[in-house]
Amino acid sequence: MKLKWLALFLPLALILPATLATAASQKIIFDCDLGGDIDDAFALGLVLTSPEFEVLGITLDHGLTEKRGQLACRILDVLGKENIPVAIGRQTPNVVGKDKELGPASAQFRWAEGFSRVKPIATPAADFILQTLHKYPGEVILFTVGPVPNIADVLKKDPGALKLAKKIYSMFGSFYLGYGSNPVPSAEWNVVADVASAKVFVEAGDPITYAGLDITTFVTLEEKQRLKLTQRNSPLTDALMGLYTLWNSETGNETPVLFDVVAVSMVLWPDLFQTKPSHVRVTDGGFTVIDESKPANGEVGVSVNKDELLRRVMKRYIQQNLGENRPGS
Ligand SMILES: [Ca+2]
């Protein structure tokens, strides 16, 4: 009898470790301002097409977070990923501390207007991030690719919470290059949109790896690449190009800068980057400044192999079949 059981379970025992070894191994939380600039959508596309990641949740920050959440929910639905939790953060003005009204609305919100089949979870974003970090201490990579009010809220509730993250990667700041590769640093949007939260985030002292303008502002999605995405005609690429077209109609911009995609790529393909240990602080004006006299509190991305990054990113967008060939589709 014992032998029979052994015969039954032995093959399973041999198969199981192999299955686990090939399963998604890196737990992540993706905190974003989807529906603002177009790069969040492309970054989310990269996250969802990357088998390396187990996406524990998508959290929405800054501005009209409920609208952003609706967008995230429809993207997940279209791709058959509706089991990934979407958590909504606190709504904020456009420039916190300066603007009075919430906002702004985005043309991209139309893409999910009226959509309700998939809904965000009831847990607010900061609570979700806290609970998840406590549930998996030392295991979760936290991405932030927007302003950081959610993270400031996390730290307000639990000042030690970010120590529970395995690593933090952020599209955040401008150290050596400004927008448009200007040799003078800029007040980067994710910092200047909410300087108070940015300061709390950086001053918490938990090591952050920065994908600032230095390695992002020149990473663009050109016309020939956009044409390939349009021709791929899959649920993912149709969603990305639909959102791109709405963004283009609103801003008049033709060429997306893939800022947030770069932050995700730093985890997927560290071979494409050089980083420099640095002590970073945030000024009242929303600049990120390196203080050479102090011990490092993070890593600043200083160089990127842009062409190879774009080749790998495009391959992910093209060679996937998310949401395709589902029953009933
Ligand atoms: Ca963003």
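Since we're looking at a predicted model, the values are computed, not measured. (Residues numbered from 1 in each chain as written. Predicted model: local features only at pLDDT ≥ 70, side-chain atom pairs only at ≥ 80, totals over all residues. Heavy atoms only, no water.)

S.K.: Which parts of the structure should I look at to understand the overall build of the chain?
M.R.: Tallying secondary structure elements over the chain gives 11 helices and 10 strands in all. For the chain, the C-alpha radius of gyration of 20 Å lies close to 20 Å, the compact-globule estimate for 329 residues. Per-residue burial over the chain gives 54% buried out of 329 residues. Partitioning the intrachain contacts of the chain with sequence separation of at least 6 by distance along the chain shows that 80% fall at a separation of at least 24. Each charge class in the chain can be summarised by its mean position, and for the 33 positive and 37 negative side chains these summaries are 6 Å apart. (Helix = DSSP H or I, 4+ residues; strand = E, 2+ residues; numbered from the N terminus. Rg over C-alpha atoms; globule rule 2.2 N^0.38 Å. Buried < 20%, exposed > 50% of the residue type's maximum accessible area, 1.4 Å probe, protein only. Contact = heavy atoms within 4.5 Å. Lys, Arg positive; Asp, Glu negative; His and termini not counted. Charge placed at Lys NZ, Arg CZ, Asp CG, Glu CD.)

S.K.: Can you walk me through the nonpolar core in this structure?
M.R.: Nonpolar side chains in soluble globular proteins tend to end up buried together. Core analysis: the largest hydrophobic core is formed by 72 residues, its most contacted members being Phe30, Phe42, Ile58 and Tyr317. Ile58 has contacts with Phe30, Cys32, Leu44, Ala72, Leu76, Ile84, Pro85, Val86 and Ala87, leaving out every residue within four places of it along the chain. Formed by 28 residues, the second largest nonpolar core is a distinct cluster that contains Ile29, Phe172, Val195 and Tyr210. (Core = buried A, V, L, I, M, F, W, Y, C linked by side-chain atoms within 4.5 Å.)

S.K.: I'm lost on the sheet that holds strand β1 (residues 26-32) in this one. Help?
M.R.: Whenever strands of a sheet pair, they do so through backbone hydrogen bonds, lying parallel or antiparallel. Spatially, the eight strands line up as an open sheet ordered β3-β2-β1-β4-β5-β6-β10-β7, and their pairing is mixed. The open sheet is flanked by β3 (86-88) and β7 (273-278), the only strands paired with a single partner. Adjacent strand axes in the sheet meet at a mean angle of 25°, parallel and antiparallel pairs treated alike. Sitting on the sheet, helix α10 (residues 259-268) touches β1, β2 (53-60), β4 (140-144), β5 (167-171), β6 (208-211), β7 and β10 (298-304), and the angle it makes with β5 is about 155°. (Pairing = 2+ DSSP bridges. Axes fitted to C-alpha atoms, helices over the stretch in contact; angles between N-to-C directions.)

S.K.: It is not clear to me how the coordination of the calcium ion should be interpreted in this structure. Could you clarify?
M.R.: When four donors bind a metal tetrahedrally, each ideal donor-metal-donor angle is 109.5 degrees, and when six bind octahedrally, the ideal angles are 90 or 180 degrees. At the metal site, the calcium ion is ligated by Asp33 (OD), Asp40 (OD), Asp40 (OD), Val145 (O) and Asp260 (OD), and these contacts range over 2.2 to 2.6 Å. Between consecutive donor residues of the calcium ion, the sequence gaps follow D-x6-D-x104-V-x114-D. Taken together, the residues Asp33 in the loop between β1 and α2 (39-48) and Val145 in the loop between β4 and α5 (149-157) connect sequence positions 112 residues apart. Take Asp33: its relative accessible area is 5%, and that puts it in the buried class. Look at Val145 and you get buried, because its relative accessible area is 1%. (Donors = N, O, S within 2.8 Å, 3.2 Å for Na, K, Ca; no water.)

S.K.: In this structure, what is going on with the confidence of the model for the chain? I would like to understand it.
M.R.: One rule of thumb: low pLDDT means the predicted coordinates there are not for detailed reading. For the chain, the average pLDDT comes to 94, and 92% of its residues sit at 70 or higher. Across residues 12-22, where pLDDT falls below 50, the model places zero contacts with residues more than four positions away in sequence or in other chains. (pLDDT = per-residue confidence, 0-100.)

S.K.: Mind showing me how you'd approach the pairing of β1 here?
M.R.: On a regular strand, each side chain points to the face opposite its neighbour's, so the side chains alternate between the two faces of the sheet. Where burial is concerned, most of β1 is hidden: seven out of the seven residues are buried. Alternating residues of β1 divide into Gln26, Ile28, Phe30 and Cys32 and Lys27, Ile29 and Asp31, and every residue in both groups is buried. Sheet analysis places β1 next to β2, joined by seven bridges and oriented parallel. Across the sheet, Ile29 pairs through a bridge with Gly57, a residue of β2. Note that the unit made of β1, α2 and β2 has a crossover that is right-handed. With five bridges connecting them, β1 and β4 associate as parallel partners. (Right-handed = clockwise from strand over helix to strand, strands pointing away.)

S.K.: Quick question: what am I supposed to make of unusual backbone geometry here?
M.R.: Backbone torsion omega between Gly103 and Pro104 reads 0°, so that peptide bond is classified as cis. In this structure, Pro104 sits in the loop between β3 and α4 (125-135). Positive phi is not limited to glycine here, since Asn233 has a value of about 55°. Note on placement: Asn233 falls in the loop between α8 (223-232) and α9 (235-251). The backbone of Asn325 shows a phi angle near 55°, a positive value even though the residue is not glycine. Its location among the elements puts Asn325 in the segment after α11 (306-318).

S.K.: Help me understand the side chain of Thr216 in this model?
M.R.: Within the secondary structure layout, Thr216 lies in the loop between β6 and α8. Accessibility expressed as a relative area gives 0% for Thr216, which makes it buried. The contacts of Thr216, once residues within four sequence positions are left out, are Met171, Ala211, Val257, Phe259 and Val262.

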